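# An overview of the molecular structure
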Amino acid sequence: MLQGGGSDTRQVVFHLAVDVINGTSGHLETDHSRVRKLISKLALIAEYDTVVGAVTNCSFLYWRREMMSTWFSMVYAQEDRALWLQYLVNAFCDGLRLLKVSKVNVSSLDSYEMEIEKSLANEIIEPLCRDIETDLRLHVHSAHLKGSVNVNPTKTGLRDLSWYLQLKPLRISSKYIYIKSRVENYLNAAFYNHAAMAPHDWKTYSEMRHLAEQKYGLELDDIHLPGQKLEQGVDLLEIMHNIHIFVASHTYNINTQVFIEKVSNAPNRKNLITVGVKHVANSIRTHGIGIISTTVNFAYHFLAQKFVGFSQFLLDDHIQSCLVKEYRFWKGNKGNPNGYPYERAETVKKDIRKVALGDGGLTSLEHFRHLISEMGNALGLVRMVRSGGLNYSSSTCGFVYDMKSRVSFEDASRELNLQEAVIEAGKILDKSLDNQYMSLEKTNYFKILTNVFSQELQSNENAHLREFFLLVPALTINAAEAMLEGKDKILKRSRDAVNAIFTDDGFVLGVAYILKVLGQETQFDSLHWFTSATQHFKKKIFHLEGDTEAGQTRGGLSGLNLWNQKNLTVSNEETQNLKTDVRQLQKYLAELELIQFGFVCARTFLY
């Protein structure tokens, strides 16, 4: 019997055998006391699990559960007792046995589990999250703000909080609590929220995230912010209703497709408003794809108003006399390979300056240039709206089939014998995709805005507009001078610095558009204007750099002339003046080349 297990049956048989032996005690020499000890040891070993369970049953703690928070806080106060946490949780979970024996309802069991979990969160998890976050902040700030934040472990003490993060998930009856995962979720939310409220501190929170990974082994997510901006930005609907103000108070950059507010429009602010493709895409997402056509309609009405002022300027008698004279010269020198002389463009600019000054002390030529720039800005807005529409379309239809394949969701639903509601949904989706495809892919807004004005402006009633291409060289010179002056004012802090600008591609886009509308591209190309102007300045720069003896030169950017051919030795001061003139000419040449490149880009968009 002793060679088998300690089951209840074997114990009963063994007790019966002992009783039989006791009945024959007179015939057998047996130590009964020793047998009884062996029987008691055998019973103890056979019921070991039951005995241990009874001895370690802590269900009585249910009646002392108000001490739960105190004991958890005692465990958190000493890191070397972190391993006790699971045993302490198990001890309080024994109270569930008492409730189950009492056959209480499920809500009572859930309530006790929630009480244990809440106490664990308040006394262990939340303090751990706060202490780890504080520790990360102190380490990062002590590296960046030396002297302001001091971390001295000898004075403040050193706590190894990683012990709690190394614990296995704690089991509470029907659920597990993973402390490390809870801490990761807390830090992810904290870093994101703080970075969202203070975007300029994103780098600090990124360093804290890397430090948490290195020091505590926490796997935190990247701080994903929505496209580096926290708001939708300027609403396209507001721009449309105030398009005349917008195009006058912003400058357009043709390469980045961004409108930048003029400094003069924000005299009391330290920042400038910019409007880009992302802002337009957000507005389209808010108001729908139909806002694109509305924007083009607003731009059409604005251009119609500006063409009235454009026509009135060219109707002026003084302007007409200048253009007629230049037209005769162009007719007589049409085959000249050297192109339109720079000197004649300079003369036209000076002649137009004789016209009375307008508002703000600007000449009539500068007012005309601003008008063309505003028209170009309106066209730049149309181009940006189309790009914003494509951006919106690509984001919303990223998982839709290729539109060019022309697959019909309605037909596919019918082939699969789906319900009528699904077929109707497929029909609506097909219609929506077709409208979006027509709005963005097959509509050339520049062509529409060109054709709508071309027939009227090229008629005999507007014959005074036929010499506009001869005014472009003078406008280009004026634009280059204004741009150089605006760029020089960027680094100045004088009262006149409010007129500082560094880009105005609306001018080249407006000139290219007007030439396209008036059908004067070929005539302007016959001037070879940019080639002639480039050769003119290169020749001046070559002579200034090559000669060592020259007469006194006359200052000024536009009025710079070659020196008198006299054999006079140039002094050091005059040499410095010559070098300054060379630098000015090189800046002027570079600005003309930028205008030329922008003009070529603008003409590309219009074809």
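What this report covers is the structure whose coordinates are included nearby.

About the criteria used
Residues numbered from 1 in each chain as written. Predicted model: local features only at pLDDT ≥ 70, side-chain atom pairs only at ≥ 80, totals over all residues. Heavy atoms only, no water. Salt bridge = Lys/Arg side-chain N within 4 Å of Asp/Glu carboxyl O. Helix = DSSP H or I, 4+ residues; strand = E, 2+ residues; numbered from the N terminus. Buried < 20%, exposed > 50% of the residue type's maximum accessible area, 1.4 Å probe, protein only. Contact = heavy atoms within 4.5 Å. Pairing = 2+ DSSP bridges. Patch = residues over 30% accessible without salt bridge, like charges linked within 9 Å, V, L, I, M, F, W, Y side chains within 5 Å. Areas by Shrake-Rupley, 256 points an atom, 1.4 Å probe, with all protein chains shown as cover. 1 Å grid on protein atoms, 1.4 Å probe; cavity = no way out; pocket = protein on both sides within 12 Å on 5 of 7 lines; lining within 4 Å. Points joined across faces, edges and corners; volume = space filled by probe spheres on them. Nonpolar A, V, L, I, M, F, W, Y, C, P; charged D, E, K, R; others polar. Phe/Tyr/Trp six-rings, centres within 6.5 Å; stacked < 30°, edge-to-face > 60°. Expected span 1.5 Å × (residues − 1). Arc of directions from axis to C-beta. Core = buried A, V, L, I, M, F, W, Y, C linked by side-chain atoms within 4.5 Å. Axes fitted to C-alpha atoms, helices over the stretch in contact; angles between N-to-C directions. Parallel < 35°, antiparallel > 145°, perpendicular 65-115°, else oblique. Left-handed = near helix turned anticlockwise from the far one by under 90°.

Here the focus is the pattern of salt bridges. Any two side chains of opposite charge can pair, given that their charged atoms come close. Enumeration over the complete set of coordinates arrives at 16 salt bridges. Its salt-bridge partner being Arg-603, residue Asp-525 comes within 2.7 Å of it at the nearest N-O pair. You can see Asp-525 sitting in helix α24 (residues 521-525) and its partner Arg-603 sitting in helix α26 (residues 572-606), a full 78 residues away along the chain. Sharing partners across several salt bridges, the network here consists of Glu-117, Lys-175 and Arg-182.

The next point concerns the environment of Leu-161. Structurally, Leu-161 is set in the loop between α8 (153-156) and α9 (162-165). For Leu-161, a relative accessible area of 4% puts it in the buried group. The spatial distance from the C-alpha of Leu-161 to the C-alpha of Lys-215 is 10.0 Å, given a sequence separation of 54 residues. Excluding its chain neighbours within four sequence positions, the residues that come into contact with Leu-161 are Tyr-76, Leu-128, Asp-131, Ile-132 and Tyr-216.

Before going further, it helps to spend a moment on the pairing of strand β3 (residues 250-253). Neither face of β3 is open: one carries His-250 and Tyr-252, the other Thr-251 and Asn-253, and all of them are buried. Strand direction decides the pairing type here: β3 and strand β4 (residues 258-261), joined by four bridges, are antiparallel. From the neighbouring strand, Asn-253 faces β4, where its bridge partner is Val-258. Between the end of β3 and the start of β4, which pair antiparallel, lie four residues, with Gln-257 showing a positive phi angle near 55°.

Spatial ordering of the open sheet is given by β3-β4-β5, a layout of three strands whose pairing is antiparallel. Of all strands in the sheet, those bounded by a partner on one side alone are β3 and β5 (274-275). Both β4 and β5 contribute to a ladder of two bridges, which runs antiparallel. Along β5, the bridge assignment pairs Ile-260 with Thr-274.

A contiguous nonpolar patch, built from Leu-44, Val-51 and Val-55 and spanning about 270 Å² of accessible area, is present on the exposed surface. Following the sequence through the fold, Val-55 ends up in helix α3 (residues 48-55).

Attention now moves to empty space enclosed by the protein. For the coordinates displayed, the defined rule picks out four cavities of 30 Å³ or more. Quantified by volume, the largest cavity comes out at close to 90 Å³. Lining the largest cavity we find Phe-329, Trp-330, Asn-333, Lys-334, Asn-336, Gly-339, Tyr-340, Pro-341, Ser-526 and Leu-527. Among the residues forming the lining of the largest cavity, the class breakdown is five nonpolar, four polar and one charged.

Here the focus is the layout of surface pockets. The computed volume of the largest pocket comes to approximately 860 Å³. Along its surface, the largest pocket is lined by 31 residues, and Arg-369, His-370, Ala-482, Asn-499 and Ile-501 are the ones closest to its centre. Counting only elements with at least two residues in the lining of the largest pocket, the list comes to α13 (243-249), β3, α18 (364-396), α22 (472-488) and α26. Here the element with the most residues in the lining of the largest pocket is α22; it accounts for seven residues. Of the residues belonging to the lining of the largest pocket, the class tally is ten nonpolar, ten polar and eleven charged.

For the rest of this paragraph, the subject is the packing of aromatic side chains. Scanning all chains against the criterion turns up 26 aromatic pairs. Relative to Phe-92, the ring of Trp-71 has its centre 5.6 Å away and its plane inclined at 50°; by these criteria the two rings are tilted. In this pair, Trp-71 sits in helix α4 (residues 68-77) while Phe-92 sits in helix α5 (residues 84-93), placing the two residues 21 residues apart along the sequence. By relative accessible area, Trp-71 is classed as partly exposed at 26%. Ring geometry for Tyr-76 against Tyr-164: centres 5.2 Å apart, planes inclined by 40°, an arrangement best described as tilted. Here the residue Tyr-76 occupies a position in helix α4, and Tyr-164 occupies one in helix α9, the gap between them amounting to 88 residues. Relative accessible area serves as the criterion here: at 8%, Tyr-76 is assigned to the buried category. For Tyr-164, a relative accessible area of 0% translates into the label buried. One aromatic cluster is present, built from ring pairs that chain together Tyr-300, Phe-307, Phe-310, Phe-313, Phe-368, Phe-453, Phe-468 and Tyr-513.

Next up on the list: helix α11 (residues 202-216). In this model, α11 (15 residues) spans 21 Å end to end at C-alpha, consistent with the 21 Å of a helix rising 1.5 Å per residue. Burial in α11 covers these residues: Tyr-205, Ser-206, Met-208, Arg-209, Ala-212 and Tyr-216. Projected onto a plane normal to the axis of α11, the buried residues spread over an arc of 160° and lie on a single side. In α11, the exposed residues that point more than 90 degrees away from the buried face are Lys-203 and Gln-214.

It is worth spelling out helix α14 (residues 277-287) at this point. If you check which residues of α14 are buried, you get His-279, Val-280, Ala-281, Asn-282, Ser-283 and Ile-284. At the exit of α14 stands Gly-288, carrying a positive phi of roughly 100°.

Ranked by size, the top nonpolar core spans 88 residues in total, and within it Phe-310, Leu-314, Phe-468, Tyr-513 and Trp-529 carry the most contacts. Broken down by element, the residue count for this core peaks at twelve residues, all from α18. Formed by 45 residues, the second largest nonpolar core is a distinct cluster that contains Tyr-62, Leu-120, Cys-129 and Ala-212.

Moving on, we get to the packing of helix α16 (residues 317-332) against helix α17 (residues 342-353). It is the contact of α16 with α17, at a shortest axis distance of 10 Å, that shows an interaxial angle of 165°. By the angle class used here, α16 and α17 are roughly antiparallel. Viewed along their axes, α16 and α17 form a crossing whose handedness is right-handed. In contact with His-318, Ile-319, Cys-322, Lys-325, Glu-326 and Phe-329 of α16, α17 contributes Arg-344, Val-348, Asp-351 and Ile-352. Across the contact of α16 with α17, the residue classes break down as five nonpolar, one polar and four charged.

Our focus in this paragraph is unusual backbone geometry. Positive phi values are uncommon outside glycine, yet Gln-257 reaches one of about 55°. For Gln-257, the position within the fold is in the loop between β3 and β4. Of note, His-528 is a non-glycine position whose phi angle comes to about 50°, a positive value. Locating His-528 in the fold gives a position in the loop between α24 and α25 (529-546). Take His-528: its relative accessible area is 41%, and that puts it in the partly exposed class.

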